[in-house]
Amino acid sequence: MRSNLVLHGGPIRTLDSAAPLAGELAIYDGHVAFGPVPGAERVDLAGRCVVPGLADAHVHFPTWSLAQRQVRLEGAHSLDDALAAVAQAVPGIPAGGWLRGVGWRDGDWTEPPTGAALDRVAPDTPVALFSRDYHSLWLNGAALARADGPLEPQGGVVDRDERGEPTGVLRENAAWAFRDRYVRPTMAEMVDASREGLRVAAARGVTAIHDKDGWLGAFEVFARLRERDELTLRVWQSFPWDRLDELRALGIRSRVGDDLLRIGYLKGFMDGTLGSATARLLDGSGVEITSRAQLEEVVRRAADAHFPVAVHAIGDAANRDALDAFAATREAWRAAGLRPRIEHAQLLAAEDVARFAEIGVAASVQFSHAPSDRDLADRLWEGRDGAYAYRSLLDAGALLANGSDAPVEELDPLAGIVAGVRRTLDERPPWRPEQAVTVAEALRATAVAPAWLEGQERRR
C-alpha cells in the first residue's frame, strides 16, 4: 500500500510556469494531490529542494544494466591498459563462454585495437568488446572463428589490414550484425541485470526512461518485470523501424500499454558516430546507414500506422537529411498528432539550427556528451562551430529532451544536468561555454520534455 505524504519545509520546484514554487506538496495514492490529505505523514524537508521525477530520454537500459557486470574499459588510456583489464577477466570466464566488455575509445591510443593484440592475453576465450559509443566491436581470433557468414552487411564496415584480412574491429551494421548473431544475451540475463539496474536508477531519482533497446527484446524484459510487480519506473519503449510491418499487422499503435509500460516509437539510424569516425559530414565523409529518401518512406509509413519516429543523426549531413525528410513528411505526421525527434544532433550546420523549431522536430540530446567528447570533437571536427549546440537550439525555439545514452555515459540525470550547465565534468575550463544551458532549462529538458514527447504533459 502506498504511503500518503505531505512534503514541507523546503523549496518545491514544480517546473510549471503558472506556479513555479510551492510551499507544500501532498501525495495521495501515488499521485500529486490538491488540498488536504487526511492521515498523511508530514515530512520536513529541512531546507532541501524537491523537483519532479527525473527522466532519461535516451537510454539502452538492459544493455546498461548488463554492462555493470562486464569488463569496463572507460579508464583504458592505451592498448596496454585495455589488454591488462581483459587479461584480469579471462580466468573468470567459464569454458565455452564469452568475455564481454564495453567502453574503449582508441582516439588517443598510440597503438590501435586489433584481434592479434587480444590474442596475446586471450588466445582461446572468445572476446567481444564494444567501443564506448557502441558503434565498433573489437574481437579476438577465437571470436572471429565463430563467424559462419559474411562480416560486412550493407551499412557495415570491416577494418582490414594491408593483405585485406580483418583486423578484428567491426563498425556500424557489421558490429551489430555480429553481436546479434553470436553475442546476444539471453532474456534471463537481461531480466536479472535489469532488476539490479532498476535499483540503481531509483537511487538516482530516475522515474521514467525512453528505452532504445527495442531491437534486443527490451519490451519483453520490462513486461516480465511488470508482471512480477518489479518495474519501478515508467518506460516509453522504442522498436526498430524495420519491425513496423509486424507491429502494424498486429494492430499495435503507439501509446498502447499502461502507466508504467507503453509501446512508444520507432527508432533507426542515419549515420555512425564521432568516436568511430563514421558520422556523416557535409564534406562527404562518414557512413550513410539510411538515406533521406529512405527516411521519408519510413516516416510516411509510420505515420499511417500511428507511430512517431526517432532517428539517430550525428554528423551535419545526416542531420540535414533527417530534417529534410521530416519537413517533406510534415503533413503526414502532424495530421496524426505525432512528435518526431532526432537523437543526438551533435553537429549542425548553422543554417539548420533553427529548422528544428520551424519543422517541429525535437532534439533528443545528451548533455554529458559535450564535455565527454570535447577532445575528439576538437580533433575530428576542427573548425566546425555547430557541435553540441544546445544554447543555440534553445534560443531558436527547439524542444530539447535530455538523456544519457547509457551505457555510453552513465545513467545519472544529475550529472547530465551539471554537464549541460557547466560544460565540463573535470577540472578543465568549460568547453564552448557559449552553448551552456541554465539549471532551469536543464531540468525542463530532463523532467518535462520527455513527458511531452510521450504525450503525457497533462498527466506528468
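Refer to the structure printed above.
Just so it is clear, the model here is predicted, and its values are computed rather than measured. Within any chain, residue numbers begin from 1 and follow the written order of that chain's sequence. In keeping with the predicted nature of the model, local features appear solely for residues at pLDDT of at least 70, side-chain atom pairs appear and are counted solely at 80 or more, and the whole-chain, interface and lining totals rest on all residues. Excluded from the side-chain calculations are hydrogens and water; all other atoms, namely the structure's heavy atoms, are used.

S.K.: Could you give an account of the packing of aromatic side chains, with specific residues and numbers?
M.R.: Here is the rule: rings of Phe, Tyr and Trp (six-membered ring for Trp) pair when centre to centre is within 6.5 Å. Planes less than 30 degrees apart are stacked, more than 60 are edge-to-face, and the remainder are tilted. Within this structure, the stated rule accounts for 14 aromatic pairs. Relative to Tyr-134, the ring of Phe-130 has its centre 5.0 Å away and its plane inclined at 15°; by these criteria the two rings are stacked. Grouping residues by exposure puts Phe-130 and Tyr-134 together as buried. Geometrically, the ring pair formed by Phe-178 and Tyr-182 is tilted, given 4.7 Å between the ring centres and 50° between the ring planes. Placement of both Phe-178 and Tyr-182 in helix 5 (residues 173-182) is noted, with a separation of four residues, approximately one turn of the helix. Grouping residues by exposure puts Phe-178 and Tyr-182 together as buried. A network of ring pairs unites the aromatic residues Phe-61, Trp-64 and Phe-222 as a single cluster. Only when the NZ atom of a Lys or the CZ atom of an Arg is both within 6 Å of the ring centre and within 35 degrees of the ring normal do we say a charge sits over the ring. Over the aromatic face of Trp-452 sits the side chain of Arg-339, whose NZ or CZ is 4.0 Å from the ring centroid. Relative accessibility under 20% of the residue-type maximum defines a buried residue, over 50% an exposed one, and the middle range a partly exposed one, all with a 1.4 Å probe and only protein chains included. Numbering goes from the N terminus for both helices and strands, where a helix is a DSSP run of H or I of at least four residues and a strand is a run of E of at least two.

S.K.: I'd love a proper account of the sheet that holds strand 2 (residues 21-28), names of residues and values included.
M.R.: Paired strands, in this sense, are two strands between which DSSP finds at least two bridges. In spatial order, the strands read 3-2-1-4; together these four strands make up an open sheet with mixed pairing. For this open sheet the edge positions go to strand 3 (31-33) and strand 4 (41-44), each flanked by a neighbour on one side alone. Ignoring strand direction, the axes of neighbouring strands in this sheet form an average angle of 35°. Where strand 1 (residues 5-13) meets strand 2, six bridges bridge the pair, whose relative direction is antiparallel. For Leu-7, the partnering residue across the bridge sits in strand 2 and is Leu-25. Axes, fitted as lines to C-alpha atoms, cover a helix only where it is in contact. Angles between the N-to-C directions of the axes lie from 0 to 180 degrees.

S.K.: Mind laying out unusual backbone geometry, listing which residues take part and the relevant values?
M.R.: Look at the link from Ala-406 to Pro-407: it is a cis peptide, with omega at 15°. Within the secondary structure layout, Pro-407 lies in the loop between strand 18 (400-402) and helix 15 (413-422). One non-glycine residue, Asp-29, lies in the positive phi region at around 55°. Inspection of the secondary structure puts Asp-29 in the loop between strand 2 and strand 3.

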